[in-house]
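What follows is each chain in one-letter form.
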Amino acid sequence: TAAAPPLDETTSRLLRLNELSISMGILHIILDEACQILFLNDYLVSELEYEDWHDLTCCTGGSFLSCIHPEDVNSFQDYLTSLRKLHHKNSCTCRLHSKSGEFLWFEIVASLSVDYNKELATCFCVNISQSVKQRQEEEKEFAVLREELETIMNSMLGGLQTSRNTKGNPLDCMSVLK
């Protein structure tokens, strides 16, 4: 049999597990027309910048759908429908409305259950806003770089061909011949 890991390694694993559990929103909803919220953990309440559960339900009417960006509601409902029919647990990405008016990006994975003849969903929500914002900033920087490169290449008297193969970069192969 393998020896037990040292106490400090076990402790660090437990601390990491605790960090992971704290940094995830947990939401429990009734799958009706409004997706009525039954439970929301403190982490998700805090991420959405509400003071407490009561504050959130007063502002949203208790409906999770009213927390979702209008352009993402159909995507979320389609995700729940596919869970019902196909029973797979892929994720859904959508924007949730914070009390300050900002929309935050969340990756949501749900699990379905039935209790008292009501269909319920338990959703695990991870705030991915930072990575989405970072990607959007990188795309803007890339667009500026692309314009600069095109200007340089268009101003050259001869020809230039460049080829890069990096992470699906749209500039994988660009050539200009005059």
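Check the entry above for the structure.
Residues numbered from 1 in each chain as written. Predicted model: local features only at pLDDT ≥ 70, side-chain atom pairs only at ≥ 80, totals over all residues. Heavy atoms only, no water.

Draft legend 1. Fine view of the state of the cysteines. For the coordinates displayed, the defined rule picks out zero disulfides. Note on Cys94: no disulfide assigned, nearest cysteine sulfur contributed by Cys92 at a separation of 4.7 Å. (Disulfide = S-S within 2.5 Å.)

Draft legend 2. Structural context of the pattern of salt bridges. In this structure the tally under the stated criterion is four salt bridges. Asp55 serves as the salt-bridge partner of Lys99, at 2.8 Å between the closest nitrogen and oxygen. You can see Lys99 sitting in the loop between strand 3 (91-97) and strand 4 (103-115) and its partner Asp55 sitting in helix 3 (residues 53-60), a full 44 residues away along the chain. Residues Arg95 and Asp72 are paired through a salt bridge, measuring 2.8 Å at the closest nitrogen-oxygen approach. Of this pair, Arg95 sits in strand 3 while Asp72 sits in the loop between helix 3 and helix 4 (73-86), and the two are 23 residues apart along the sequence. Given the relative accessible area of 16%, Arg95 is considered buried. For Asp72, a relative accessible area of 8% translates into the label buried. (Salt bridge = Lys/Arg side-chain N within 4 Å of Asp/Glu carboxyl O. Helix = DSSP H or I, 4+ residues; strand = E, 2+ residues; numbered from the N terminus. Buried < 20%, exposed > 50% of the residue type's maximum accessible area, 1.4 Å probe, protein only.)

Draft legend 3. Structural view of unusual backbone geometry. If you check the backbone angles, Glu49 has positive phi at about 70° while not being a glycine. On the secondary structure map, Glu49 appears in the loop between helix 2 (42-47) and helix 3. Given a relative accessible area of 37%, Glu49 falls into the partly exposed group.

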